[in-house]
Amino acid sequence: MEHKIGLIGCGTVGQGLLQILQDKKDYLRDAFGFEAKVVAIADKLKGTLIVPEGIDIPAVLELLGAGKGLADYPKAVPEQAKSLDPLDMIERTDADIIAEMTYTDIKTGEPATGYIKKALRLGKSVVTSNKGPAALHYREIQDLARQNGLQFRIEGTVMSGTPVFHLAECGLAGNAVREVKGILNGTTNFILTKMETEGMDYGPALALAQKLGYAEADPTADVEGFDALAKVVILSNVLLGGALKTSDVPCKGISAITKADVEAAKAQGFRYKLIGHAKREHGAVTASVSPQKLPLSDPLAGVMGAQNALSLETDLMGKITIQGAGAGKLETGFAILSDILAVHRR
């Protein structure tokens, strides 16, 4: 079955998705009966391209790799490469799935939430890697999708392509998830790992994370726990049925942890990790983000470097722990693909 796909945002993740769709084209057709026709791309910096007969993916990847914009697409007539607001692109394209991959605004969820709602109102399912809409407006958007007989899927919002929501929905179907606890930010896990294994102070460890591309020039969202906060709210509301806001969740990052703290924990047989935790108990869901000293016997204690991991406590299977990448071009591109395939299977 052919699906027409529109991309909003074509930065690292969008280009990762395009690369996978190109490289895996034959496999996806043979294994799943899935064929993708990318009919539209809208990006704030790179421009807009609407080609109903299908965009030449290698040509677009070559353009963007050379630092050019979509206006330079060689096969487009001027009307097809006319710069448009994503809201206008959604109206003009006949895509049946919109992949929304714009930047995250954790305070408002905009402009992504507006894009998602418009697509759903116009009969297009939406998959996204954007934490903002998922953390702030998940229930409202999911209700809108269901009212229109569509899907809103968010696999890439918490652990990139490591399958959190597909695991709960499919692999653990029939289980009730009672509690989740995880390492949800690779940057802070990398910093804490370097502080323990190489005896680095916090400042140099952060500088190394920035040099290697794990941390932004302004690392506040990572090191103060705000990235993990958004993710734990998503987990709370999607897996545990909560209705939490970010303001409901106590949040403390790792910036106050010293090398002496890390060494003292190690001497006691413990290891510091920034932990996002949520639990359903007595009908209420509570959550927190904080540095915790974990015993080395805890599966999360052995997760080092920039990896992410999540433990789910279930009623039938007990504790299940998954570990994998929490970021990356192909990894998050795969998350978007996995959600597109889920739409396809239904």
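Because the structure is predicted, anything quoted here is derived from the model rather than measured.

Scoring rules and cut-offs
Residues numbered from 1 in each chain as written. Predicted model: local features only at pLDDT ≥ 70, side-chain atom pairs only at ≥ 80, totals over all residues. Heavy atoms only, no water. Helix = DSSP H or I, 4+ residues; strand = E, 2+ residues; numbered from the N terminus. Pairing = 2+ DSSP bridges. Salt bridge = Lys/Arg side-chain N within 4 Å of Asp/Glu carboxyl O. Buried < 20%, exposed > 50% of the residue type's maximum accessible area, 1.4 Å probe, protein only. 1 Å grid on protein atoms, 1.4 Å probe; cavity = no way out; pocket = protein on both sides within 12 Å on 5 of 7 lines; lining within 4 Å. Points joined across faces, edges and corners; volume = space filled by probe spheres on them. Nonpolar A, V, L, I, M, F, W, Y, C, P; charged D, E, K, R; others polar.

A.B. asks: Which residues make up unusual backbone geometry, and what are the values?
C.D. replies: Cis geometry is adopted by the peptide bond preceding Pro111, which originates at Glu110 and carries an omega value of 0 degrees. One can find Pro111 in the loop between β4 (97–100) and α5 (112–121). In the Ramachandran plot, Ser160 falls in the positive-phi region, its phi being about 55 degrees despite a non-glycine side chain. Its location among the elements puts Ser160 in the loop between α7 (156–159) and α8 (164–171). Although it is not a glycine, His282 sits at a positive phi angle of roughly 55 degrees.

A.B. asks: Please set out the sheet that holds strand β1 (residues 2–8) residue by residue, giving values where relevant.
C.D. replies: Spatially, β3-β2-β1-β4-β5-β6 is the arrangement adopted by the six strands of the open sheet, whose pairing is mixed. Looking at the sheet topology across the chains shown, the edges are occupied by β3 (47–50) and β6 (152–153). Sheet topology note: the β1/β4 ladder contains four bridges and is parallel. Residue pairing across strands places Gly6 opposite Ile98, the latter belonging to β4.

A.B. asks: Describe the pairing of strand β2 (residues 35–43), with residues and values.
C.D. replies: Of the strand pairs in this sheet, β1 and β2 are connected by seven bridges, and their pairing is parallel. Looking at the pairing, His3 lines up with Ala36 of β2. Bridge count between β2 and β3: four bridges; the pairing is antiparallel. Considered in β3, the bridge of Ala42 is made with Thr48. Hairpin connection, β2 to β3: the antiparallel pair is bridged by three residues.

A.B. asks: How would you summarise the pattern of salt bridges if you had to cite specific residues and measurements?
C.D. replies: This structure, assessed with the given rule, holds 17 salt bridges. Salt-bridge contacts for Lys46 lead to Asp43; the nearest nitrogen and oxygen are separated by 4.0 Å. Look at Asp43 and you get buried, because its relative accessible area is 12%. Of the charged contacts, one joins Lys131 and Asp227 as a salt bridge, the two residues approaching to 3.2 Å between their closest N and O atoms. In this pair, Lys131 sits in helix α6 (residues 131–147) while Asp227 sits in helix α12 (residues 226–239), placing the two residues 96 residues apart along the sequence. The pair formed by Lys131 and Asp227 is uniform in burial state, with each residue classed as buried.

A.B. asks: Explain the layout of surface pockets to me, using residue names and the numbers behind them.
C.D. replies: Which parts of space are left empty comes out when a probe the size of a water molecule is rolled across the atoms. Considering only enclosed or pocket space, the largest pocket measures out at about 1400 Å³ in volume. Looking at the largest pocket, it is lined by 45 residues, and the ones nearest its centre are Lys131, Glu216, Asp222, Asp227 and Ala327. Of all the elements in the fold, those that place two or more residues in the lining of the largest pocket are α1 (12–23), α7, α9 (186–197), α11 (220–223), α12 and α14 (329–345). The dominant element in the lining of the largest pocket, judged by the number of residues it contributes, is α12, at five residues. Within the lining of the largest pocket, the residues separate by chemical class into 15 nonpolar, 21 polar and nine charged.

Distances and angles like these do not, on their own, reveal function.
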